[in-house]
Amino acid sequence: MGIVVENVSKSFGNFKAVERVSLEIKSGSLVALLGPSGSGKSTLLRLISGLEVPDSGRIILTGKDATYQRVQERNIGFVFQHYALFKHMTVRQNIAFGLEIRKVPKAKVKKRVEELLELVQLVGLGDRYPSQLSGGQRQRVALARALAPEPEVLLLDEPFGALDAKVRKDLRAWLRRLHDEVHVTTVFVTHDQEEAMELADEIVVMNKGRVEQIGTPAEVYDHPATAFVMSFIGPVNVLPTSARIFQNSGFDSAHPEMFLRPQDVIIETTPNATNVTARVNRLIHLGWEIQAELVLDDGQVVTAHLTREKFEELKLEPQQKVYVKPKDAKSFPLYYSI
């Protein structure tokens, strides 16, 4: 058993940060808490770590009730967004810190530090200070320090948020490989959908203090449980159900809105009984795909994504007249908000 959260709530004054949240995180898994600012994901992480105490509910770590345990008693490693490294200590001293305060024998500390330097690919940099490292290297030191005491659970709060896009992407791939090697139960907070999809075994989608859906990246993307999940994870067109694009498509709903992924917009160059007229307003080249901004004949604006091969086949040009129809669309009964 990894982590079990049972009906946990936490308020700050009149603000309900986490409300009746229940979830189970399997031992050895890598799970993302994903949601917008204010969704409760960081508060939930702090509740699991012991930095906050729930108003109600229980938190069970590796089979033991840890609801009111102190942070020091939980055997948890915590990595913050801004590293929180000791500036006056070398890389080796930073990594060794948690072991030394536990009075681990010096020989064992030295051996563990060298193992971790190799694990996080910082061999040869052990005598440098944090100011002499890049942002990505500092974050790897922070991870090594958290792993040094061999925690049962590793918690990461927006671990790559302070890094530029290229370094973030490289570190994501590195962290996934690291996790597959050490198999520590890991929970990380992010508002970056791509980061969650790329890294996590499971994603916990949060909104306004509650869990909207728990599932694999494929499940939450392909089978969203709510309008919020579909609108938050991946690009989507939100159109009135009455929009002409749906009239002859077979997609109808009693709900006022339909959700249509850009890759599910089919563009054709000849009219037929199932498509409607549109005009190409703008074409955006994104490297591996083309984004087409289309204006339908009823004035609705729709974004479509095409592969390069499809784009070259259609030979699209700005202001060109085309014909479109939906390949798939979804509707939901519940109100959503980002």
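Shown above is the structure to which this text applies.
Residues numbered from 1 in each chain as written. Predicted model: local features only at pLDDT ≥ 70, side-chain atom pairs only at ≥ 80, totals over all residues. Heavy atoms only, no water.

Caption draft 1: View of the packing of helix 2 (residues 91–101) against helix 3 (residues 106–119). For the pair helix 2 and helix 3, interaxial distance at closest approach is 10 Å and the crossing angle is 130°. The angle between helix 2 and helix 3 places the two elements in the oblique class. The handedness of the crossing between helix 2 and helix 3 comes out as right-handed. Here helix 2 contributes Val91, Arg92, Ile95, Ala96, Leu99 and Glu100 to the contact with helix 3, which in turn contributes Val109, Arg112, Val113, Glu114, Leu116 and Leu117. When the residues that make up the contact of helix 2 with helix 3 are grouped by side-chain class, the tally is 8 nonpolar, no polar and 4 charged. (Axes fitted to C-alpha atoms, helices over the stretch in contact; angles between N-to-C directions. Helix = DSSP H or I, 4+ residues; strand = E, 2+ residues; numbered from the N terminus. Parallel < 35°, antiparallel > 145°, perpendicular 65-115°, else oblique. Left-handed = near helix turned anticlockwise from the far one by under 90°. Contact = heavy atoms within 4.5 Å. Nonpolar A, V, L, I, M, F, W, Y, C, P; charged D, E, K, R; others polar.)

Caption draft 2: Spatial organisation of empty space enclosed by the protein. Scanning the entire structure with this criterion turns up 1 cavity of 30 Å³ or more. For the largest cavity, the calculated volume is near 40 Å³. Lining the largest cavity, in full, are Leu30, Leu143, Leu147, Leu154, Leu175, Leu178, His179, Val182 and Thr186. At the level of secondary structure, the elements contributing two or more residues to the lining of the largest cavity comprise helix 4 (135–147) and helix 5 (165–182). Per element, the largest residue contribution to the lining of the largest cavity is 4 residues, and it comes from helix 5. Grouping the constituent residues of the lining of the largest cavity by class yields 7 nonpolar, 2 polar and no charged. (1 Å grid on protein atoms, 1.4 Å probe; cavity = no way out; pocket = protein on both sides within 12 Å on 5 of 7 lines; lining within 4 Å. Points joined across faces, edges and corners; volume = space filled by probe spheres on them.)

Caption draft 3: Examining the sheet that holds strand 2 (residues 15–25) more closely. Pairing in this open sheet of 4 strands is antiparallel, and the strands run 2-1-4-5 from one edge to the other. For this open sheet the edge positions go to strand 2 and strand 5 (64–65), each flanked by a neighbour on one side alone. As defined by bridge partners, strand 4 (residues 56–61) adjoins strand 5 across 2 bridges and the pair is classed as antiparallel. Directly across from Leu61, in strand 5, lies its bridge partner Lys64. The strands that helix 1 (residues 41–49) touches are strand 1 (3–12), strand 2 and strand 4; relative to strand 1, the one it contacts most, it runs at about 120°. (Pairing = 2+ DSSP bridges.)

Caption draft 4: Here's a closer look at the nonpolar core. Ile95, Leu154, Leu175 and Ile203 are the most contacted members of the largest nonpolar core, which has 46 residues in total. A total of 6 residues in this core trace back to one element, the largest contributor, which is helix 4. In this view, Ile203 contacts Ala32, Leu34, Ala196, Met197, Gln213, Ile214, Gly215, Pro217 and Val220; residues no more than four positions away in its chain are not counted. In this structure, Val280, Leu296, Ala304 and Ala329 belong to the second largest nonpolar core, which totals 25 residues. (Core = buried A, V, L, I, M, F, W, Y, C linked by side-chain atoms within 4.5 Å. Buried < 20%, exposed > 50% of the residue type's maximum accessible area, 1.4 Å probe, protein only.)

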